Amino acid sequence: MYAMHGLTTLEAVAIWAVFVTALLGLGYAIFLRNQILQEDKGSEKMQEVWGAIKDGADAYLRRQFRSIVPLIIILTFALFFSVYIVPPSPEALERFEGADANSVRLWIGLARAFAFVMGAGFSLTVGQIGMRMAVEGNVRVASASKRSFGDALRIAYRAGTITGMLTDGLGLLGGTVIFIVLGIAAPDALLGFGFGGTLLALFMRVGGGIYTKAADVGADLVGKVEAGIPEDDPRNPAVVADLVGDNVGDCAGMAADIFESYEVTIVSGLILGLALWHITGRLEWIIFPLMVRGIGVLSSIIGTYAVRGGSGKSGDAMASIFRGFLSSAAISAALFFIAGYFYMNTSMAAYGGWWRSPLAVGVGVLLAILIDRLTEYFTGTHASPVKEIKKAADTGPATLILQGVSVGFESSVWSIIVLALTIVASIFIFGTIPGISGADRATFILYGVAMTGIGMLTLTGNNVAMDSFGPISDNANGIGEMAWSGKTDKATKDAQKIMADLDAVGNTTKAITKGVAIGSAVIAAVSLFGSFLVDVSRAQNTLGIPLAEQISTVGIRVDIPQVFVGMLIGGALPWLFSSFAIQAVSRAASLIVLEVRRQFKLGVLSGRVKPDYKQAVEISTTAAQKELVSLALLGVVTPIVVGLLLQVEALGGFLAGIIVSGQLLAVFLNNSGGAWDNAKKLIEDEPKDPKKNLGKGSERHKAGVVGDTVGDPFKDTAGPALNPMIKVVNLVSVIIAPIVVQYAGGDVSQQVKNWVWGVAAVLLAVLAWAVMRSKAPAASMTSVRKSRIEKK
């Protein structure tokens, strides 16, 4: 604990209180788990369907783990040895006072490697345990729908809250432990912690997204459009793969995604706080972000437990969930200012007052609410954008798709304006401190952006609960559809209506949390961009480069050709990444379409042959594993190549390009896909009347399904995967930047330069392999069946 010099008694108590709060969040998750597991699991048929989903999800996660372990091992060693290329930081030398430089490198290398493994392990834990609890919850939600709307809502939301509190608790625990052990040297290890969590999130987002949408698109095209059977009809051979995909994509993937955003914002906040410590000599810039995170955990516990519905057969789930979110927001905002006043009232008088940091955090909470409302407007069923898409179905799938594209484009503009205003708010808050100017002023402003990101993700418990609520409700609806097929009694109809209502709300909550995840990704990326500038300046200062020539003074100048080239490459990378992700879904969905058609021809629809659910599960699993490493390498290797070949200024341009381009593309993909999905649901809710072209089975419904299938890989594969990809690129850039500065600006021999060029050539070959791997055709149906036979 006392590794940090100058820590007061109040600060020591505060840090230990944050540590205890992290444990409290984990304890709350265990408490909710015990509650959920005590609920009724329903009939034998429901449990049979649930068992198939559970087995498929577990099998996928085991395959995924085996696929990513080799790369994790390689990167662990790479991070350990990365500290030997550059001199130890002044903070590391101070933390290990009296030790020689090589000993300091050893300790920091071990700390960074261990933190990387811990971050990856925590991210994996959040995704896997969260997904398993979602699977445990969905059958219980289906059973509870027979009793009341309130019970079904309570179980679905609290099952999702388990994932949310794991995200909160483990994210806060990891960062606090590293800070306690390393003190002012913590940022050296926190980079590893953030990189581990982000890389695992990228794996889980890419793999889960490909899996879920390959199954979903294949099941819908053949089942709904060609055969005219309902969604989740037990005769559809791809229905179990679709339900499994909801869990591995939306639960495991989103949980890991939000977890890494949670990590990355605290990493960038502490790095920039350390820079302000050098400027002002005050530790408050470092301690306060951890206090904010502790307040967020407490607020989420209160707000999530308050979400509940009535005892009847209907209710407003969205209103209940949003009321819980606003309760947490109000509590946390009040506590931010109370904590800021008592902790910083005196010490911050010389820097414009105590209120600046709490206000920046409050702006972040407001940003989360604004993005929440903005996303609901463009994707919710009650607003005009989705209603306009529904109306476009009257003239066929082409006009429906065009209308959805236009909605996605417009939503990107408004999202970027909201984020720009947030950064402007940071300029007003931290850019007006008396006596602070130049590079120091820029550091203060970027610290304010980091605090905004920390505030935005303060209510991570609520955000992840809202997201997991979606697939839990969707799975519950699917289990009911399969288990109660053919039943027409009033109790069953009431239960199906409850689950359909929860499913529709869940579709909106998923879109909302994806919007928050995208917004937080951009804020985190801007904060990391500030950390990049700080680390580059420190490396340049170590080499004796004059202040007037350092990047903190000169900035990133786009009139320098190589910087502009870096920006172009950065702007293009999200598009290449999204292209490969959507291609993977398209290839796998085509195989599932062929497989479902094959089984329909054998007599599955007539009941002559039972559907073989395992074939579609195997196709989706194989397709997802094929793309995992290659797509991850695009994010890991590209910034290293840009830095080594074009130098550190071009790497800064590369980061600027990927932040702007990635944000616009991710919001477009997320909101257009969500809007198409809900437009289809509005058509499905119409009274069925083929003569009037209304409801399920109508031509308008088929147009809606086509739009939904186009939007599926947009909103659940490419769009969400861009979030961790952007942050992987930023973290790799922050880690590699001092190395690039060292070999470019130091007294480096020709032999070392030859080694650098050799490494760059090898990495270019790795990139070429990744591109060819992603463009390679999927395995044929024959090879998939042969693989299954060999395993047996």
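When you go through the protein residue by residue, the secondary structure sums to 21 helices and zero strands. Relative to the globule expectation of 28 Å for 792 residues, the C-alpha radius of gyration of the protein, 26 Å, shows essentially globular dimensions. Overall size of the protein, expressed as C-alpha extent along the three principal axes, is 80 × 55 × 45 Å. In the protein, which comprises 792 residues, the proportion classed as buried is 64%.

Okay, the environment of Ala450 next. Relative to the helices and strands, Ala450 resides in helix H13 (residues 438–456). A relative accessible area of 0% means that Ala450 is categorised as buried. For the pair Ala450 and Ala113, spaced 337 residues apart in the sequence, the C-alpha separation amounts to 24 Å. For Ala450, the residues in contact, after removing those within four places along its chain, are Ser268, Gly269, Leu272 and Ser527.

Residue pairs spaced three or four apart in an α-helix point in one direction, given the helix's 3.6 residues per turn. The end-to-end C-alpha separation of helix H6 (residues 186–226) is 58 Å, in line with the 60 Å expected for 41 residues at 1.5 Å each. Most pronounced at Asp220, the bend in H6 amounts to some 25°. In terms of burial, H6 is largely enclosed, as 38 of its 41 residues are buried. Once H6 finishes, Gly228 follows within two positions and takes phi at roughly 70°, a positive value.

Further remarks concern the nonpolar core. Within the largest apolar cluster, 261 residues are counted, with the highest numbers of intra-cluster contacts made by Ile178, Phe195, Phe203, Phe288, Leu502, Phe532 and Phe577. With 32 residues, the single largest contributor to this core is helix H18 (residues 613–684). Sequence-distant contacts of Phe577, that is, excluding residues within four places in its chain, are made with Leu202, Val206, Leu631, Leu634, Ala721, Leu722 and Met725.

The full count for this structure, using the stated rule, is 30 salt bridges. With a closest N to O distance of 2.9 Å, Lys680 and Asp708 form a salt bridge. Residue Lys680 is located in helix H18, and its partner Asp708 is located in helix H19 (residues 699–745); the two are separated by 28 residues in the primary sequence. Like Asp708, Lys680 is buried. Connected through shared salt-bridge partners, Lys213, Asp216, Asp677, Lys680, Asp708, Asp712, Lys715 and Asp716 make up one network.

Of note, Gln647 is a non-glycine position whose phi angle comes to about 80°, a positive value. Within the element layout of this structure, Gln647 appears in helix H18. The exposure class of Gln647 is partly exposed, given its relative accessible area of 24%.

Contact geometry for helix H4 (residues 101–144) and helix H14 (residues 460–483): axes closest at 8 Å, N-to-C directions at 50°. The pairing of H4 with H14 is recorded here as oblique in orientation. The interaxial crossing formed by H4 with H14 has right-handed handedness. Contacts from Ala134, Gly137, Asn138, Val139, Val141 and Ala142 of H4 reach H14 at Ile472, Asn475, Ala476 and Ile479.

We now examine the packing of aromatic side chains. Under the defined criterion, the tally for this structure stands at 25 aromatic pairs. With 6.2 Å between their ring centres and 10° between their planes, Phe322 and Phe325 make a pair best called stacked. Here Phe325 and Phe322 lie together in helix H9 (residues 317–344), a separation of three residues that amounts to about one turn. In terms of burial, Phe322 and Phe325 fall into one category: buried. An aromatic cluster of three or more residues is present, and its members are Trp285, Tyr351, Phe430, Phe444 and Tyr447.

Rules of the game
Residues numbered from 1 in each chain as written. Predicted model: local features only at pLDDT ≥ 70, side-chain atom pairs only at ≥ 80, totals over all residues. Heavy atoms only, no water. Helix = DSSP H or I, 4+ residues; strand = E, 2+ residues; numbered from the N terminus. Rg over C-alpha atoms; globule rule 2.2 N^0.38 Å. Buried < 20%, exposed > 50% of the residue type's maximum accessible area, 1.4 Å probe, protein only. Contact = heavy atoms within 4.5 Å. Expected span 1.5 Å × (residues − 1). Bend = angle between axes of the 7 residues up to and from the residue. Core = buried A, V, L, I, M, F, W, Y, C linked by side-chain atoms within 4.5 Å. Salt bridge = Lys/Arg side-chain N within 4 Å of Asp/Glu carboxyl O. Axes fitted to C-alpha atoms, helices over the stretch in contact; angles between N-to-C directions. Parallel < 35°, antiparallel > 145°, perpendicular 65-115°, else oblique. Left-handed = near helix turned anticlockwise from the far one by under 90°. Phe/Tyr/Trp six-rings, centres within 6.5 Å; stacked < 30°, edge-to-face > 60°.

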